[in-house]
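If you want the building blocks of each chain, they are given just below.
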Number of protein chains: 2
Amino acid sequence: MKFSTRTTYGLRALIKLSEKFGKNNVSLASISRDEHISLKYLEQIFSSLKKANLVKSEKGATGGYSLVKKPEEITIFEIIEILEKDMNLFRCIDQHGKVNCNFKCNCGATKVLINVQRAINDTLKGMSLKDLI
Amino acid sequence: MKFSTRTTYGLRALIKLSEKFGKNNVSLASISRDEHISLKYLEQIFSSLKKANLVKSEKGATGGYSLVKKPEEITIFEIIEILEKDMNLFRCIDQHGKVNCNFKCNCGATKVLINVQRAINDTLKGMSLKDLI
DNA sequence: AAAATACCTACTGTTTTAGTTGGTATTTAA
DNA sequence: TTAAATACCAACTAAAACAGTAGGTATTTT
Ligand code: FES
Ligand code: FES
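Residues numbered from 1 in each chain as written. Chains lettered and ligands numbered in written order. Predicted model: local features only at pLDDT ≥ 70, side-chain atom pairs only at ≥ 80, totals over all residues. Heavy atoms only, no water.

### Observations regarding the relation of the copies chain A and chain B
In the superposition of chain A on chain B (RMSD 0.0 Å, axial shift 0.0 Å), the rotation amounts to 180°. Within this description, the copies of the chain are treated as partners about a two-fold rotation axis. Residue A:I120 of chain A places its C-alpha closer to the rotation axis than any other residue of that unit, at 3.0 Å. Most of the interface of chain A is mirrored in chain B, where 100% of its interface residues are also at the interface. (Least-squares fit on C-alpha atoms with pLDDT ≥ 70 in both. Contact = heavy atoms within 4.5 Å.)

Here it is as structure tokens:
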């Protein structure tokens, strides 16, 4: 199990934005330089974040991205849900812990997996960008 | 992010063993039938579990696998650590939360990621097989 | 002797990941 | 008004990881 680089880079970039919240825009070029992340890849990542309405953007020479909400209002769960393509931790269970099995077997084990999924979700929902700066 | 089928199947199989703890062996053939999991794949999974000394085995017609420890002494973290090939959730950080960056950049963001890693680890260490039956 | 089990090693098709490539559109500053 | 800096968009691709399969051998019970 590993978080994708999308998520990892996204988290790191959003921390930059948190630090500048209420002040400057942050350009992807500057993040790319500071964090050694491909600019083009950052663009893709921020495309997702913008679609999900977590960040807003301005074009032009003084442009860049900024957070739409306060850092303390953005949970780590929320970010991961946007950037990680597949948050179904286990087969037979959807993101919200509902059984969805191909075999319709409804074996008891799914209850276990649901508990693990929920425990991790709750942990991530309890952490915000603010907590982490 | 998704747990591999190795881990998912392994967890489901270990629940079977927990139910029979102190009683019968459980054969992989029976798990394969009940849970619709490839027998050959289960063999690989149990090879890892045995090497890690989580289960023991007996050959022959009445053979099969059984837990070495009580279900309440086996944490979900422990199982996942054995079966999941890569438990480094993020780049630049090892399993135990130590910074290990290719760029030697030691950027502040790693502290964030360490916190996420630790929170998830602690959650999984707090759950045992017993809790889940 | 037959059946059931564990055990071992190598291989393989598919999917996912982690980007790259090559552009266009908008805004600011010289 | 031109150049530079930014965001924005779509398609492609090499490499890695995943999820098994294949083909056996060894041991124990019935
Ligand atoms: S195989 Fe999906 S719930 Fe049992
Ligand atoms: S790039 Fe690895 S710690 Fe910053």
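### As for helix α5 (residues 109-125) of chain A
The end-to-end C-alpha distance of α5(A), which contains 17 residues, comes to 25 Å, matching closely the 24 Å that a straight helix rising 1.5 Å per residue would cover. In terms of burial, α5(A) is a largely internal element, 12 of the 17 residues being buried. Where α5(A) is concerned, the buried positions are A:A109, A:T110, A:V112, A:L113, A:I114, A:V116, A:Q117, A:A119, A:I120, A:N121, A:T123 and A:L124. Taken together, the buried residues of α5(A) touch α4 (76-83) of chain A together with α1 (5-19), α4 (76-83) and α5 (109-125) of chain B. (Helix = DSSP H or I, 4+ residues; strand = E, 2+ residues; numbered from the N terminus. Expected span 1.5 Å × (residues − 1). Buried < 20%, exposed > 50% of the residue type's maximum accessible area, 1.4 Å probe, protein only.)

### Considerations on the pattern of salt bridges
Following the criterion strictly, the structure yields 11 salt bridges over all chains and no others. Salt-bridge contacts for B:E35 lead to B:R12; the nearest nitrogen and oxygen are separated by 2.8 Å. Highlighted residues: B:E35 in helix α2 (residues 28-35) and B:R12 in helix α1, separated in sequence by 23 residues. Classification of B:E35 as buried rests on a relative accessible area of 5%. Where B:K16 meets B:D34, a salt bridge forms, and the shortest distance between an N and an O atom there is 3.5 Å. Note that B:K16 is positioned in helix α1 and B:D34 in helix α2, a separation of 18 residues in sequence. According to the relative accessible area criterion, B:D34 is partly exposed, its value standing at 42%. Linked through salt bridges whose partners overlap, the residues forming this network are A:R12, A:K16, A:D34 and A:E35. (Salt bridge = Lys/Arg side-chain N within 4 Å of Asp/Glu carboxyl O.)

### Examining the protein's contact with DNA strand D
Around DNA strand D, 26 residues are found, and the nearest of them are A:K50, A:S57, A:Y65, B:K40 and B:Q44. Between a phosphate oxygen of DNA strand D and a side-chain N or O atom of A:K50, the distance comes to 2.4 Å. A distance of 3.1 Å separates a phosphate oxygen of DNA strand D from a polar backbone atom of B:T5. Elements with a minimum of two residues in the surface near DNA strand D: α2 (28-35), α3 (39-51), β1 (55-58) and β2 (64-67) of chain A together with α1 and α3 (39-51) of chain B. Residue contributions to the surface near DNA strand D peak at four residues, all from α3(A). (Near = heavy atom within 4 Å. Polar contact = N/O pair within 3.5 Å; in protein donor to acceptor, adjacent residues only side chain to side chain.)

### Describing the packing of α2(B) against α3(B)
All names here are of chain B. For the pair α2 and α3, the least separation of the axes is 9 Å and the interaxial angle reads 125°. Comparing the axis directions of α2 and α3 gives the class oblique. Crossing hand, α2 versus α3: right-handed. Residue-level contacts link L28, A29, I31 and S32 of α2 to L39, L42, E43 and F46 of α3. Among the residues making up the contact of α2 with α3, the classes are represented as six nonpolar, one polar and one charged. (Axes fitted to C-alpha atoms, helices over the stretch in contact; angles between N-to-C directions. Parallel < 35°, antiparallel > 145°, perpendicular 65-115°, else oblique. Left-handed = near helix turned anticlockwise from the far one by under 90°. Nonpolar A, V, L, I, M, F, W, Y, C, P; charged D, E, K, R; others polar.)

### Re the nonpolar core
Of all hydrophobic cores here, the largest spans 82 residues; its most connected members are A:F46 and B:F46. Residue contacts for A:F46: discarding those within four places in its chain leaves A:A13, A:L17, A:L28, A:I31, A:V55 and A:Y65. (Core = buried A, V, L, I, M, F, W, Y, C linked by side-chain atoms within 4.5 Å.)

### Side note on the protein's contact with DNA strand C
Surrounding DNA strand C, one finds 26 residues, the nearest of these being A:K40, A:Q44, B:K50, B:S57 and B:Y65. Protein-adjacent atoms of DNA strand C, using a 4 Å cutoff, are sugar or phosphate at a proportion of 64%. At 3.5 Å, a side-chain N or O of B:Q44 approaches a base nitrogen of DNA strand C. Sorting the residues of the surface near DNA strand C by element identifies α1 (5-19) and α3 of chain A together with α2, α3, β1 (55-58) and β2 (64-67) of chain B as the ones contributing at least two each. For the surface near DNA strand C, the class distribution of residues is eight nonpolar, 11 polar and seven charged.

### Some points on the pairing of β2(A)
Residue and element names in this part refer to chain A. Residues G64 and S66 line one face of β2 and the alternating positions Y65 and L67 line the opposite face, and both faces are buried. When β1 meets β2, the two strands line up antiparallel, connected through four bridges. In the strand pairing of β2, V55 is matched with L67. Linking β1 back to β2 in an antiparallel pair, the connection comprises five residues, with G60 at a positive phi of about 85°. (Pairing = 2+ DSSP bridges.)

Interpretation note: all reported values are geometric properties and have no functional meaning in isolation.
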